[in-house]
Amino acid sequence: MKVAVIGCTHAGTAAIINTANLYPDAEITVYERNDNISFLSCGIALYVGGVIKDPQGLFYSSPQELSKLGVTTKMLHHVESVDINNKKLQVKNLKTNEQFEDSFDKLIITTGSWPIIPPIEGINLKNVLLSKNFNHANDIIEKAKDANNVVVVGAGYIGVELVEAFEMNGKNVTLIDMQDRILPKYLDKEYTDVAEKAFRSHGVKLALGEKVQRFEGKDETVKRVVTDRGQYETDLVILCIGFKPNTELFKDQIDLLDNGAIIVDEYMRTSKKDVFAAGDNCAVIYNPTGEHRYIPLATNAVRMGTLVARNLVNPRTKYMGTQGTSGIKIYEHCIAATGLTEESAKDARIDVKTVTVEDNYRPEFMPTYDSAKLKVVYEKGSKKILGAQIISKTDLTQCINTMSVVIQNKMTIDELAFVDFFFQPHFNKPWNLLNQVALQAE
Ligand SMILES: Cc1cc2nc3c(=O)[nH]c(=O)nc-3n(C[C@H](O)[C@H](O)[C@H](O)COP(=O)(O)OP(=O)(O)OC[C@H]3O[C@@H](n4cnc5c(N)ncnc54)[C@H](O)[C@@H]3O)c2cc1C
């Protein structure tokens, strides 16, 4: 069985390692246009902020590791076109410019995503940078050395993490977003209010509800960001306004969503036989609404890549879908969320109720304790739980993973009230926060 893989970050690496282990006789070739594989982008902010000193820890595989499994890794090789019906690839070696053809019995598409680059005036000025891969991370660190003023455009989790990293490094930081609050897709306002207050108290300027109109420069280097409501002097701009799937090669060949994300079934099969896909280039089934959504996360990528391998020959293991569970640390605040927020439920036209509990996470007789705020969103009629968010200074984010299981298994708020959770004064109270919040809903 000849297996071709396009792209070797998280989804690709997971698919390759598992395929090689499950089918030792398979002839696997992976094409990767970058000069490294398996880079953990989630470490970029920590690397930029100086928390991670040795970036080698951000890689967990290499062509040498893959070759021990019998896999051929073609680095700096760009797949230029794919003929899915005839099972052929056209590849360019980016070092030699040599072009050649390859064929496959099974194709695994793990081409991932790329940052959205809006057609704004001045976007090509020097020091307007992206934040996606290892080369970007190094570029940001290098350019930040001489920068006093930094503007981050986009207040999703990537932008927000970078803002904190730059501020901790002593930069004057401005965060611009056209939405009127940060992290609006992940958290409701009472949570983002706390995070915004933390940023402001550290001197970060939040330019929210402002749309970038142009970048102005001097000597071809960015110097100012002009929005519809103001202008900000800057030495460096990082663009973090979202991602789009890398699927141009497959247009009109396999079924895609309107944004270009590949539609796969629960076995990671595309609409064409013997062609599988995983990771940021795919849409996923979002359990709270049951629809396909574009949720580019490493967690989805590694799961889907592993499932491609398991289902490559026969459909064996189904993907259970996702809740888009995520966590973030903003200064001393540990925050996590899963499923729908109250606001996103309204956008999805789902009639929901919410319940919030704010309590000390462990008994007040303990030498220290602090408060946590947990909010649960559930459907009005069925009482099915659809989402949850938590914020606290003590790390209680794991309870959101529990809530992810609750949503995946379609539990109701009434059922959650009496689930058996342990009690031990070091960790919690006799009524666990998850029970407490559900009891209050009754
Ligand atoms: C700054 C940052 C922080 C993040 N933090 C988190 C986090 O904390 N938690 C989390 O779950 N997720 C996080 N993510 C998201 C996560 O990194 C992505 O979901 C993950 O990288 C997706 O992996 P992937 O393999 O599907 O795609 P990608 O990482 O996009 O990799 C695709 C690969 O395909 C290659 N490729 C594409 N086209 C071709 C072609 N034609 N020929 C050859 N090679 C090709 C690319 O070079 C690339 O190496 C973060 C992302 C960023 C940018």
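Our structure is the block above this text.
Source: prediction; values computed, not measured.

A.B. asks: Would you mind going over the sheet that holds strand 4 (residues 77-83) in detail, with residue names and values included?
C.D. replies: Taking strand neighbours across the sheet as the criterion, the three strands line up as 4-5-6 in an open arrangement whose pairing is antiparallel. Each having just a single partner strand, strand 4 and strand 6 (99-103) make up the two edges of the open sheet. The sheet shows a mean angle of 30 degrees between the axes of neighbouring strands, direction not considered. Note that strand 4 and strand 5 (residues 88-93) share six bridges and pair antiparallel. Along strand 5, the bridge assignment pairs Asp-83 with Lys-88.

A.B. asks: With reference to specific residues and values, describe helix 1 (residues 10-22).
C.D. replies: Between its first and last C-alpha, helix 1 extends 18 Å over 13 residues, near the 18 Å set by a 1.5 Å rise per residue. Every buried residue of helix 1 is accounted for by His-10, Ala-11, Gly-12, Thr-13, Ala-14, Ala-15, Ile-16, Thr-19 and Ala-20. Tucked into the core, helix 1 has its buried residues touching strand 1 (2-6), strand 2 (27-32), helix 3 (63-68), strand 7 (106-109) and helix 7 (298-311).

A.B. asks: Tell me about the packing of aromatic side chains, and name the residues and values.
C.D. replies: Going through the model one piece at a time under the given rule, you end up with nine aromatic pairs. Between Phe-39 and Phe-59, the ring centres sit 5.3 Å apart and the planes meet at 45 degrees, which makes this aromatic pair tilted. Placement of the pair is Phe-39 in the loop between strand 2 and helix 2 (44-48) and Phe-59 in the loop between helix 2 and helix 3, with a sequence separation of 20 residues. Judged by relative accessible area, Phe-39 falls into the buried class, the value being 3%. Using a relative accessible area of 16% as the deciding quantity, one classes Phe-59 as buried. Seen in terms of ring centroids, Tyr-157 and Tyr-186 are 5.6 Å apart; in terms of plane orientation they differ by 80 degrees. Their pairing is edge-to-face. Residue Tyr-157 is located in helix 5 (residues 157-168), and its partner Tyr-186 is located in the loop between strand 11 (172-177) and helix 6 (189-201); the two are separated by 29 residues in the primary sequence. Cation over ring: Lys-373 sits above Tyr-191, and NZ or CZ is 5.4 Å from the ring centre.

A.B. asks: Outline the state of the cysteines, supporting the account with residue identities and numerical values.
C.D. replies: For the structure on display, the rule yields zero disulfides. The structure places no disulfide on Cys-8, whose sulfur is separated from the nearest cysteine sulfur, that of Cys-282, by 16 Å. Cysteine Cys-42 is unpaired, with the sulfur of Cys-240 as its nearest cysteine sulfur at 15 Å.

A.B. asks: Pulling in residues and values, what's your account of the site of the ligand?
C.D. replies: Close contacts around the ligand come from 33 residues, with Thr-9, Glu-32, Lys-132, Asp-280 and Leu-297 the closest. One nitrogen or oxygen atom from the side chain of Thr-9 is found 2.8 Å from an oxygen atom belonging to the ligand. Isolated, the ligand exposes 1000 Å² of accessible area, and the fraction of that covered by the protein chains is 91%. Where the shell around the ligand is concerned, the elements lending two or more residues are helix 1, strand 2, strand 4, helix 5 and helix 7. Of the residues contributing to the shell around the ligand, the split by class is 15 nonpolar, 14 polar and four charged.

A.B. asks: Please set out the packing of helix 1 against helix 7 residue by residue, giving values where relevant.
C.D. replies: For the pair helix 1 and helix 7, the least separation of the axes is 7 Å and the interaxial angle reads 25 degrees. With respect to their mutual orientation, helix 1 and helix 7 come out roughly parallel. Taken as a pair, helix 1 and helix 7 cross one another with a handedness that is right-handed. Along its contact with helix 1, which presents His-10, Ala-11, Ala-14, Ala-15, Asn-18, Thr-19 and Leu-22, the element helix 7 presents Ala-298, Ala-301, Val-302, Gly-305, Thr-306, Ala-309 and Arg-310. Split by residue class, the contact of helix 1 with helix 7 holds eight nonpolar, five polar and one charged.

A.B. asks: Break down the pattern of salt bridges for me, citing the residues and quoting the values.
C.D. replies: A full pass over the atoms with the stated rule returns 28 salt bridges. Among the ionic pairs, Lys-2 bridges to Asp-102, the shortest N-O distance being 2.9 Å. Placement of Lys-2 in strand 1 and of Asp-102 in strand 6 is noted, with a sequence separation of 100 residues between them. Taking relative accessible area as the criterion, Lys-2 reaches 22% and is therefore assigned partly exposed. Taking the shortest distance from any N to any O, the salt bridge between Lys-68 and Glu-65 comes out at 3.2 Å.

A.B. asks: Before we move on, can you summarise the sheet that holds strand 25 (residues 385-392) with the specific residues and values?
C.D. replies: In space, the five strands of this open sheet follow the order 21-22-25-24-23, with antiparallel pairing throughout. Across the chains shown, the open sheet's two edge strands, defined by having one partner strand only, are strand 21 (326-330) and strand 23 (352-360). Direction aside, neighbouring strands of the sheet carry axes that sit 10 degrees apart on average. Sheet topology places strand 21 next to strand 22 (residues 333-339); five bridges connect them, and they run antiparallel. Looking across to strand 22, one finds that Ile-328 is bridged to Ile-335.

A.B. asks: Please give an account of the layout of surface pockets that cites residues and values.
C.D. replies: The computed volume of the second largest pocket comes to approximately 340 Å³. Here the lining of the second largest pocket is built from residues that sort into nine nonpolar, six polar and two charged.

What counts, and at which threshold
- Residues numbered from 1 in each chain as written.
- Predicted model: local features only at pLDDT ≥ 70, side-chain atom pairs only at ≥ 80, totals over all residues.
- Heavy atoms only, no water.
- Pairing = 2+ DSSP bridges.
- Helix = DSSP H or I, 4+ residues; strand = E, 2+ residues; numbered from the N terminus.
- Axes fitted to C-alpha atoms, helices over the stretch in contact; angles between N-to-C directions.
- Expected span 1.5 Å × (residues − 1).
- Buried < 20%, exposed > 50% of the residue type's maximum accessible area, 1.4 Å probe, protein only.
- Contact = heavy atoms within 4.5 Å.
- Phe/Tyr/Trp six-rings, centres within 6.5 Å; stacked < 30°, edge-to-face > 60°.
- Lys NZ or Arg CZ within 6 Å of the ring centre and 35° of its normal.
- Disulfide = S-S within 2.5 Å.
- Near = heavy atom within 4 Å.
- Polar contact = N/O pair within 3.5 Å; in protein donor to acceptor, adjacent residues only side chain to side chain.
- Areas by Shrake-Rupley, 256 points an atom, 1.4 Å probe, with all protein chains shown as cover.
- Nonpolar A, V, L, I, M, F, W, Y, C, P; charged D, E, K, R; others polar.
- Parallel < 35°, antiparallel > 145°, perpendicular 65-115°, else oblique.
- Left-handed = near helix turned anticlockwise from the far one by under 90°.
- Salt bridge = Lys/Arg side-chain N within 4 Å of Asp/Glu carboxyl O.
- 1 Å grid on protein atoms, 1.4 Å probe; cavity = no way out; pocket = protein on both sides within 12 Å on 5 of 7 lines; lining within 4 Å.
- Points joined across faces, edges and corners; volume = space filled by probe spheres on them.

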